[in-house]
Amino acid sequence: MLYHGAKVVVGMAPFVGRAINEVISAVFVEPVSRRRDDWMCELFGRLKKLEKQIEDFQIEKLKDKPEFVTTVFNASRIAIANHEREKLDALRNAVLNVAVDPDKEQVKRQIFIHRIESLSSMHLKLLSESETNKNAIANAKQDKEIAKQIFADLENFGLIKKG
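Residues numbered from 1 in each chain as written. Predicted model: local features only at pLDDT ≥ 70, side-chain atom pairs only at ≥ 80, totals over all residues. Heavy atoms only, no water.

> Can you break down the nonpolar core residue by residue, with the values?
Within the largest apolar cluster, 32 residues are counted, with the highest numbers of intra-cluster contacts made by W39, L47, F57, F68, L91 and V95. Contributions of two or more residues to this core are made by helix 2 (14–53), helix 3 (66–80), helix 4 (85–100), helix 5 (106–118), helix 6 (121–130) and helix 8 (144–156). No other element matches helix 4, which puts eight residues into this core. Setting aside anything within four residues of it in sequence, one finds W39 in contact with A75, S76, A79, L88, L91, R92 and V95. (Core = buried A, V, L, I, M, F, W, Y, C linked by side-chain atoms within 4.5 Å. Buried < 20%, exposed > 50% of the residue type's maximum accessible area, 1.4 Å probe, protein only. Helix = DSSP H or I, 4+ residues; strand = E, 2+ residues; numbered from the N terminus. Contact = heavy atoms within 4.5 Å.)

Spelled out as structure tokens, the structure:
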């Protein structure tokens, strides 16, 4: 809405307005649209794979599952705002999990999706590599103190077990 309002105001200035509108479109609208389209195509491709692998799984039935629709919406909002592969993978996996089993651990899944937004890509990388394996700190390519802090964050968020 704000974009369209700004476009109208800028368009009122005869020659300059048109040029500014083109720049706004090229710099902001096209890349965001491309991210959205890439995200949705990737999700659809993965859902098609699930449809082939899991008996009785049908993509068209997902539209009637409010848990799935809500998860796709929330994950998509975050995905479109990100370029980090670890975040996109985590969001995609959350969507696929709800597609397969929409009733399982809804609250945990919602919390995790919202946590993804605040976690760094290193948080997600260490989480995926380790689960509860503290030895993953040795594999961290960045500062060991940062890795220790990330593990503390993951423990505090309840994403890994303390110990």
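> Lay out the confidence of the model for the protein with the relevant residues and their values.
The share of residues in the protein with pLDDT of 70 or more is 71%, and the mean pLDDT across the chain is 78. Mean pLDDT across the elements of the protein bottoms out in helix 1 (residues 2–11) (51) and peaks in helix 3 (93). (pLDDT = per-residue confidence, 0-100.)

> Any chance you could break down the packing of helix 4 against helix 5 for me, citing the residues and the numbers?
For the pair helix 4 and helix 5, the least separation of the axes is 10 Å and the interaxial angle reads 165°. When the axes of helix 4 and helix 5 are compared, the pair comes out roughly antiparallel. For helix 4 against helix 5, the interelement crossing comes out left-handed. The segment helix 4 lies against helix 5, with K87, A90, L91, A94, N97 and V98 engaging R109, F112, I113, I116 and E117. Each residue belonging to the contact of helix 4 with helix 5 can be placed in one class, and the counts come to seven nonpolar, one polar and three charged. (Axes fitted to C-alpha atoms, helices over the stretch in contact; angles between N-to-C directions. Parallel < 35°, antiparallel > 145°, perpendicular 65-115°, else oblique. Left-handed = near helix turned anticlockwise from the far one by under 90°. Nonpolar A, V, L, I, M, F, W, Y, C, P; charged D, E, K, R; others polar.)

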